[in-house]
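What follows is the residue order along each chain.
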Amino acid sequence: MRAMVISGGGSKGAFAGGVAQYLMMEKGYDYNLFVGTSTGSLLISHLALNKLEKIKKVYTSVDQKDIFSHRPFVVKKGKHGEKEIAIAHFRVLRNFFRGSKTFGESYNLRRLISNTLTRKEFEELKESDKEVVVTVSNLSMNQVEYKSVNDFSYSDFCDWIWISCNYIPFMSLVKKDFNEYADGGFGSMVPIEEAINRGATIVDVIILETEVTHYNRMPSRNPFSLLTNMHAYMLDRVEKQNIRIGKFVAGHHDAVINFYYTPTVLTTNSLIFDHKQMTNWWDSGFKHAMNQDQETSEIHPNDA
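Residues numbered from 1 in each chain as written. Predicted model: local features only at pLDDT ≥ 70, side-chain atom pairs only at ≥ 80, totals over all residues. Heavy atoms only, no water.

## Here's the deal with the overall build of the protein chain
Then comes step 1: Of regular secondary structure, the protein chain possesses eleven helices and ten strands.
Then comes step 2: Here the protein chain has a C-alpha radius of gyration of 19 Å; the compact-globule value for 304 residues is 19 Å, and the two agree.
Then comes step 3: Taken over the C-alpha atoms alone, the protein chain extends approximately 60 × 45 × 35 Å along its principal axes.
Then comes step 4: Expressed as a percentage of its 304 residues, the buried residues of the protein chain come to 53%.
Then comes step 5: Taking the intrachain contacts of the protein chain between residues at least 6 apart in sequence as the baseline, contacts between residues at least 24 apart amount to 77%.
Then comes step 6: Carbon and sulfur atoms provide 51% of the accessible area of the protein chain, an area that totals close to 14400 Å².
Then comes step 7: For the protein chain, the distance from the average position of its 35 positive side-chain charges to the average position of its 35 negative side-chain charges is 9 Å. (Helix = DSSP H or I, 4+ residues; strand = E, 2+ residues; numbered from the N terminus. Rg over C-alpha atoms; globule rule 2.2 N^0.38 Å. Buried < 20%, exposed > 50% of the residue type's maximum accessible area, 1.4 Å probe, protein only. Contact = heavy atoms within 4.5 Å. Areas by Shrake-Rupley, 256 points an atom, 1.4 Å probe, with all protein chains shown as cover. Lys, Arg positive; Asp, Glu negative; His and termini not counted. Charge placed at Lys NZ, Arg CZ, Asp CG, Glu CD.)

## Things to note about the nonpolar core
Then comes step 1: Of all hydrophobic cores here, the largest spans 86 residues; its most connected members are Met-4, Leu-47, Val-205 and Ile-206.
Then comes step 2: Broken down by element, this core gets its largest block of residues, eight residues, from helix α1 (residues 13-26).
Then comes step 3: In this view, Ile-206 contacts Met-4, Val-5, Ile-6, Ser-7, Ala-16, Val-19, Ala-20 and Tyr-260; residues no more than four positions away in its chain are not counted. (Core = buried A, V, L, I, M, F, W, Y, C linked by side-chain atoms within 4.5 Å.)

By themselves these figures say nothing about function.
Okay, structure coming up:
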């Protein structure tokens, strides 16, 4: 059984879309299982439905307003031309006065998910032989949970996709089934182990980071940039641990893992959504997968 796993990575999910497009359209890989975390969760339902052009259009046109109902930051240009975020003090205070536990809210993203994945498409997905699984972090129970499309109603599954993407404290903390949930990446950034446990023998893994760290983060300029740097550090640790565990489990199950990392650092702040940038990332993901495939074919000409 062949599976596709897509890591978290916010706006960098556009790159993953390009890689997936190449693997599915050009290589003709037929996936039985799709497992995603955070931005990966947004992609996988449409990939399973083979709606590549549809999800590409969504990913390359989304902006901050499509994600945040209360955006807690403003985007500024740094001294070196890079984009960075700074706290929007009034918006954050207003959100706290409203009784929110987080700096911002992401209810617009929940609406976008419902508008993008229709009820008809959901039913089509449930009737297919594809399994779609999204990753969420149960903060109340201190555990990672995996939610399959086969186990839920349309509304509930849309909730789980949304919850998988909620990068707290910038986005919504969701209470569901008497528990508090947040972004799946806090517990499982790259859910390779789950794909193998569900029977996958070949796993194509798209990781929205470079294989080797190529940069030092810019110094923190404000509390928000400090918080994002801290989150990024922790998620990098989680990601590397997930990869090590995934390789270990694959070795014990005779499973094959193919990794697709980003060739360069796409961004140091994946909360920033830019149309032009994300369109370029999608195209570069497609080209990178093609180049990696060609290089592998040259090294192993008899494995085609």
